[in-house]
Protein chains: 2
Amino acid sequence: MAKFERGIYFLDQKDMPTRWYNIMADMPGDMPPMLHPGTGKPITADDLAPVFAEECGKQEVNRTDRWIDIPEELLAIYRTWRPTNLYRAHRLEKALDTPAKIFYKYEGTSQAGSHKPNTATAQSYYASKQGLKGLATETGAGQWGSALAMGTRFFGLECKVFMVSISYHQKPYRRILMETYGANCVPSPSPETKSGRAMLEKWPDCPGSLGLAISEAMEYMMEHHENYRYSLGSVVNHVLLHQTIVGEECRKQMEMAGEYPDILVGNIGGGSNYAGQFFPWIRDKISGKKPNLRIICCEPESCPSVTKGMYAYDFGDLSGMTPLIKMYTLGHGFIPPPIHAGGLRYHGMAPTICHLHRLGLVEAVSVPQTAVFEAGVKFAQVEGILTGPEPCHNVKVAMDEALKCREEGVSKTILIAHSGHGHFDLAAYEAYLSGKLVDYAYPEEEVRKAQAELPKVPAA
Amino acid sequence: MAKFERGIYFLDQKDMPTRWYNIMADMPGDMPPMLHPGTGKPITADDLAPVFAEECGKQEVNRTDRWIDIPEELLAIYRTWRPTNLYRAHRLEKALDTPAKIFYKYEGTSQAGSHKPNTATAQSYYASKQGLKGLATETGAGQWGSALAMGTRFFGLECKVFMVSISYHQKPYRRILMETYGANCVPSPSPETKSGRAMLEKWPDCPGSLGLAISEAMEYMMEHHENYRYSLGSVVNHVLLHQTIVGEECRKQMEMAGEYPDILVGNIGGGSNYAGQFFPWIRDKISGKKPNLRIICCEPESCPSVTKGMYAYDFGDLSGMTPLIKMYTLGHGFIPPPIHAGGLRYHGMAPTICHLHRLGLVEAVSVPQTAVFEAGVKFAQVEGILTGPEPCHNVKVAMDEALKCREEGVSKTILIAHSGHGHFDLAAYEAYLSGKLVDYAYPEEEVRKAQAELPKVPAA
């Protein structure tokens, strides 16, 4: 009889973490705060009150409480899909003939298919407690939009989504999913806002951009201000905070497996998936308990915010409506090439991740798109799971690390932060399989131009 | 602090069942065997050896062994996604304001998104042990085809899929998934077989049918006979046998929940999903331990094999290439209306389910398509999961039963056999949401015509 090899580590709901981990309480160095673009002063919860649900604004600037209790009513919602599973990739290990042990924590079994519901339901909960009527947001390919559509519906709120027009028309499935949840989803540019109307007048067939969609969502929110707030799916502190349940669960599951990772691998677009996984582990590195823990951030070669960006204050959106954020940036005016990993097409990065990188606590690599899908196909063929284009980036890098282990004859434990499935991204796989997928070179000239337009920071 | 309400029952892999349940060993009454269409004699394992992998043929006619060990190597594969979760639908109960307790056993977290891998990997395992080179099959919308594509790849086999042409062209995502797994998928009719070529000559734009695709797959298999076998995804005994791991797991999980179901609800197309769930429970009814257990089979109003079919020997396919099967049938020449539940568009039914229905051990109801999607949208909005069109049928019937509980003021425990997600079926949801979905009346005249063409059974 063959040896019993456990493929999945289930965590009972009784053992599900009931607190988020706020890394700001442990953050080493002097992490620069977000600044008010008018005054140059650090942003306060009061500044954020008209933008986000009040409690989210408070969490955003909280630098003291290490642990934040997850409200009981939200835990009950989390229990409709959490804890998510930790998988041991036995078949991938065999296929690579590596002595490495490969694990992946998989968020694809959430109802919306990704990690995004962890914060979408949290933000909806706080908005509902505050008595708000709805949340407005933007979405690119629709992963974030569909998670927020579900979250708002769970708490009886309205949801308004401005979806980048070209995705709205070319990738209707995520849009239909949002509508099934009851959200109102419109293509951006839309006739519903000033910015949308202005663009449509200039350019009736405008395909839209994430930056424009953000402007529309914020404008819509301000017009419905009494009852609406704006909701973001990545980058800022409170969003990353809500994702830490992923890593806290994973610590318990790795303990069940009797393993501690040598290497953590995750993809970064705005940072919410990977931060959710690695923040709970990096505290062992910050405290000095695990000085050799490697944390690798993976990004696209054509949109390499951390590996090639400038560390500077910049806006989070194209139009300059957000606070100033100190981060690695390719310039808020930079429009990334049309790679299939929609969630990684962002000019900036979570300021927490940037700061940790500056301190040398995390490293970053960039990978080209065809290599990424080659890894995704390999992974599907041995593990069965069809990986979304974003986490395909870290599958690629994890496989490279496992092959290094084979060359060096050492067994390391590699843990992948797998944010979700690619059921709505099969057109990208088809492009790869039919040889039509191209790699985009790093657009150095465009980045230089965009970085020349960084905002001036007013003297506080 | 609110009461801890468990939303998911996880079953540890150590407790995963290691045997399938063969209901034939316990089958009451005198269930008519499959017959050889030439001789009229009961089919033997030898008759089946040129068609199915040898071990599958043996399982098909096994009427004596109650338990069949799942091979160790296959258990290791099952452990890449099993045990699947049992969910308690707290939010649905609250939305319906019902005293009923509603549970659903959900197969949508398998890599292929449905219950189909339970038998796809098993058939691939046996084919591989036998030293075969590949398996050929047909698929409608692609759920079965993608599961077999994955299963064959796991065991290093080739996979040839004939996909109904109209689905191949209109619903490319499942096809791309099959190709990602490495299967060779062609639209049927294809130029690769005689039946395909004959049809293309007559009708170059022929949209195809499941019956034609079966003929092509069987022909392809016979041409590659030395190394290929044919693979089926439902109806026959060995396929249903492989699905019983679902119900065996579920029994353990319901025990964890401290509940025994009063009502089981599942959809039936060929029968494989629901049989996998209810066979392990019905033995308590057969043995007399649970005489009041209700087992409700749900089917489409426009293709109501059990509720309106004739109990007779018929072919399993359109062209009459299969053995004769005693079942409820609408006639093998009947082409069901184009409802969105592709998996339920079948003229016949698993002979085991038909026999149990004849004995009064299970009941059947049929439901119209718009009511089915109305229930699916409701379910998505409260539970989050986007249900496939097939299991939407039993979600609808379970909701009706829960509402009856409210009216009658009684609390019953209802267990839904939920076969998978609808991520590839969003066009159907859109049709419903935009008011374009229609109900098809039961096509009585077409059924009568098809039933007039039932095959004659040769005297044995």
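Reading the values: rules and limits
Residues numbered from 1 in each chain as written. Chains lettered and ligands numbered in written order. Predicted model: local features only at pLDDT ≥ 70, side-chain atom pairs only at ≥ 80, totals over all residues. Heavy atoms only, no water. Axes fitted to C-alpha atoms, helices over the stretch in contact; angles between N-to-C directions. Helix = DSSP H or I, 4+ residues; strand = E, 2+ residues; numbered from the N terminus. Parallel < 35°, antiparallel > 145°, perpendicular 65-115°, else oblique. Contact = heavy atoms within 4.5 Å. Nonpolar A, V, L, I, M, F, W, Y, C, P; charged D, E, K, R; others polar. Polar contact = N/O pair within 3.5 Å; in protein donor to acceptor, adjacent residues only side chain to side chain. Salt bridge = Lys/Arg side-chain N within 4 Å of Asp/Glu carboxyl O. Buried < 20%, exposed > 50% of the residue type's maximum accessible area, 1.4 Å probe, protein only. Least-squares fit on C-alpha atoms with pLDDT ≥ 70 in both. Domains from an automatic or database assignment. Buried area = accessible area lost by both parts, 1.4 Å probe. Pairing = 2+ DSSP bridges. Right-handed = clockwise from strand over helix to strand, strands pointing away. Core = buried A, V, L, I, M, F, W, Y, C linked by side-chain atoms within 4.5 Å. 1 Å grid on protein atoms, 1.4 Å probe; cavity = no way out; pocket = protein on both sides within 12 Å on 5 of 7 lines; lining within 4 Å. Points joined across faces, edges and corners; volume = space filled by probe spheres on them. Phe/Tyr/Trp six-rings, centres within 6.5 Å; stacked < 30°, edge-to-face > 60°. Lys NZ or Arg CZ within 6 Å of the ring centre and 35° of its normal.

Chemist: Run through the packing of helix α15 (residues 369-383) of chain A against helix α17 (residues 426-433) of chain A, naming residues and quoting values.
Modeler: All names here are of chain A. Running from amino to carboxyl end, α15 crosses α17 at an angle of 105°, the nearest separation of the two axes being 10 Å. Between α15 and α17, the angle falls in the class roughly perpendicular. Facing α15, whose interface residues are Thr370, Phe373, Glu374, Gly376 and Val377, α17 presents Ala428, Tyr429, Tyr432 and Leu433. By residue class, the composition of the contact of α15 with α17 is six nonpolar, two polar and one charged.

Chemist: Tell me about the environment of aspartate 425 of chain B, residues and numbers included.
Modeler: One can find aspartate 425 of chain B in the loop between β15 (413-418) and α17 (426-433). When near neighbours in sequence (up to four residues on either side) are disregarded, aspartate 425 of chain B contacts Tyr173 of chain A together with Gly388 and Pro389 of chain B.

Chemist: Residues and numbers for the side chain of serine 188 of chain A, please.
Modeler: All names here are of chain A. By secondary structure assignment, the location of serine 188 is in strand β8 (residues 184-188). Of note is the side chain of serine 188, whose polar atom sits 2.7 Å from the side chain of glutamate 216. Ignoring sequence-local partners within four residues, the contact set of serine 188 consists of Phe162, Met163, Val164, Ser165, Pro207, Gly208, Leu212, Ala213 and Glu216.

Chemist: How would you summarise the pattern of salt bridges if you had to cite specific residues and measurements?
Modeler: All names here are of chain B. For the structure on display, the rule yields 46 salt bridges over all chains. Across the pair glutamate 249 and lysine 105 runs a salt bridge, and its minimum N-O distance is 2.6 Å. One end of the pair, glutamate 249, is in helix α11 (residues 237-256); the other, lysine 105, is in strand β5 (residues 101-106), with 144 residues separating them in the sequence. Per residue, the accessibility class of glutamate 249 equals that of lysine 105, and both read buried. With a closest N to O distance of 3.3 Å, arginine 448 and glutamate 444 form a salt bridge. Note that arginine 448 and glutamate 444 are positioned in helix α18 (residues 444-451) at a spacing of four residues, about one turn of the helix.

Chemist: Can you explain the relation of the copies chain A and chain B? Please cite residues and give values.
Modeler: After a rotation of 180° and a shift along the axis of 0.0 Å, chain A superposes on chain B with an RMSD of 0.0 Å. Here the symmetry operator amounts to a two-fold rotation axis. Here 100% of the contact residues of chain A are again contact residues in chain B; the copies associate through an equivalent surface.

Chemist: For the domain arrangement of chain A, give the residues involved together with the corresponding values.
Modeler: Residues and elements named next belong to chain A. Split into domains, chain A comes out as domain 1 (29-64 + 116-230) and domain 2 (83-113 + 240-451). For domain 1 and domain 2, the distance between their C-alpha centroids amounts to 24 Å. Facing 32 residues of domain 1, the contacting portion of domain 2 comprises 27 residues. At the boundary of domain 1 with domain 2, total buried surface from both sides reaches about 2,600 Å², with 64% on carbon and sulfur atoms. Linking domain 1 with domain 2 are zero salt bridges. Linking domain 1 with domain 2 are eight residue pairs in polar contact (both at pLDDT 80 or more). For the side of domain 1 that touches domain 2, the secondary structure elements donating two or more residues are α2 (54-60), α5 (117-129), α6 (143-154), α8 (172-181) and α10 (210-223).

Chemist: Mind laying out the pairing of strand β11 (residues 294-300) of chain A, listing which residues take part and the relevant values?
Modeler: Residues and elements named next belong to chain A. Burial within β11 is extensive, with six of its seven residues counted as buried. Relative to β11, strand β10 (residues 263-267) runs parallel, the two sharing five bridges. Residue pairing across strands places leucine 264 opposite isoleucine 295, the latter belonging to β11. Note that the unit made of β10, helix α12 (residues 272-286) and β11 has a crossover that is right-handed. Bridge analysis of β11 against strand β14 (residues 363-367) gives five bridges, and the strand direction is parallel. By the bridge assignment, isoleucine 296 is partnered in β14 with glutamate 363.

Chemist: Let's hear about the sheet that holds strand β4 (residues 86-88) of chain A: which residues, and what values?
Modeler: Residue and element names in this part refer to chain A. Spatially, seven strands are ordered β1-β4-β5-β15-β10-β11-β14 in an open sheet, and the strand pairing comes out mixed. The strands lining the two open edges of the sheet, one partner per strand, are β1 (8-9) and β14. Strand contacts of helix α11 (residues 237-256): β1, β4, β5 (101-106) and β15 (413-418), with the helix running at about 140° to β5, the strand carrying the most contacts.

Chemist: Summarise the nonpolar core; cite the residues concerned and give the values.
Modeler: Among the nonpolar cores identified, the biggest contains 278 residues, and Trp20 and Phe278 of chain A together with Trp20 and Phe278 of chain B are the most heavily contacted of them. Those residues in contact with phenylalanine 278 of chain A that lie beyond four places of it in its chain are Leu264, Ile295, Ile353, Leu356 and Val362 of chain A.

Chemist: Mind laying out empty space enclosed by the protein, listing which residues take part and the relevant values?
Modeler: The full count for this structure, using the stated rule, is seven cavities of 30 Å³ or more. Around the largest cavity, the lining comprises 24 residues; the ones closest to its centre are Gly108, Thr109 and His421 of chain A together with Gly108 and Thr109 of chain B. Residue classes in the lining of the largest cavity are distributed as ten nonpolar, 14 polar and no charged.

Chemist: Can you explain the packing of aromatic side chains? Please cite residues and give values.
Modeler: Using the criterion set out here, one finds 34 aromatic pairs over all chains in the structure. Aromatic pair tyrosine 9 of chain B and phenylalanine 103 of chain B: ring centres 6.3 Å apart, planes at 45°, arrangement tilted. One end of the pair, tyrosine 9 of chain B, is in strand β1 (residues 8-9); the other, phenylalanine 103 of chain B, is in strand β5, with 94 residues separating them in the sequence. Judged by its relative accessible area of 10%, tyrosine 9 of chain B is buried. By the ring-pair criterion, three or more aromatic residues cluster together here, those being Tyr87, Tyr104, Tyr106 and Phe379 of chain A. The cationic tip of arginine 91 of chain A hangs over the ring face of phenylalanine 154 of chain B; the distance from NZ or CZ to the ring centre is 4.1 Å.

Chemist: Provide a residue-level description of the layout of surface pockets, including the pertinent values.
Modeler: Over the atoms rolls a probe the size of a water molecule, and in doing so it shows where empty space is left. Residue and element names in this part refer to chain B. Within this model, the second largest pocket holds a volume of roughly 690 Å³. Of all the elements in the fold, those that place two or more residues in the lining of the second largest pocket are α7 (165-170) and α10 (210-223). Shared between two domains, the lining of the second largest pocket takes at least three residues from each, and those domains are domain 1 (29-64 + 116-230) and domain 2 (83-113 + 240-451).

Chemist: So, unusual backbone geometry: which residues are in play, and what are the values?
Modeler: All names here are of chain A. The omega torsion of the bond from arginine 82 to proline 83 falls at -10°, within 30 degrees of zero and hence cis. Within the fold, proline 83 resides in the loop between α3 (72-78) and β4. For aspartate 97, which is not a glycine, the phi torsion comes out positive at approximately 50°. Relative to the helices and strands, aspartate 97 is located in the loop between α4 (90-96) and β5. A positive phi is found at valine 235, a non-glycine position, where the angle reads about 70°. By secondary structure assignment, the location of valine 235 is in the loop between β9 (228-230) and α11.

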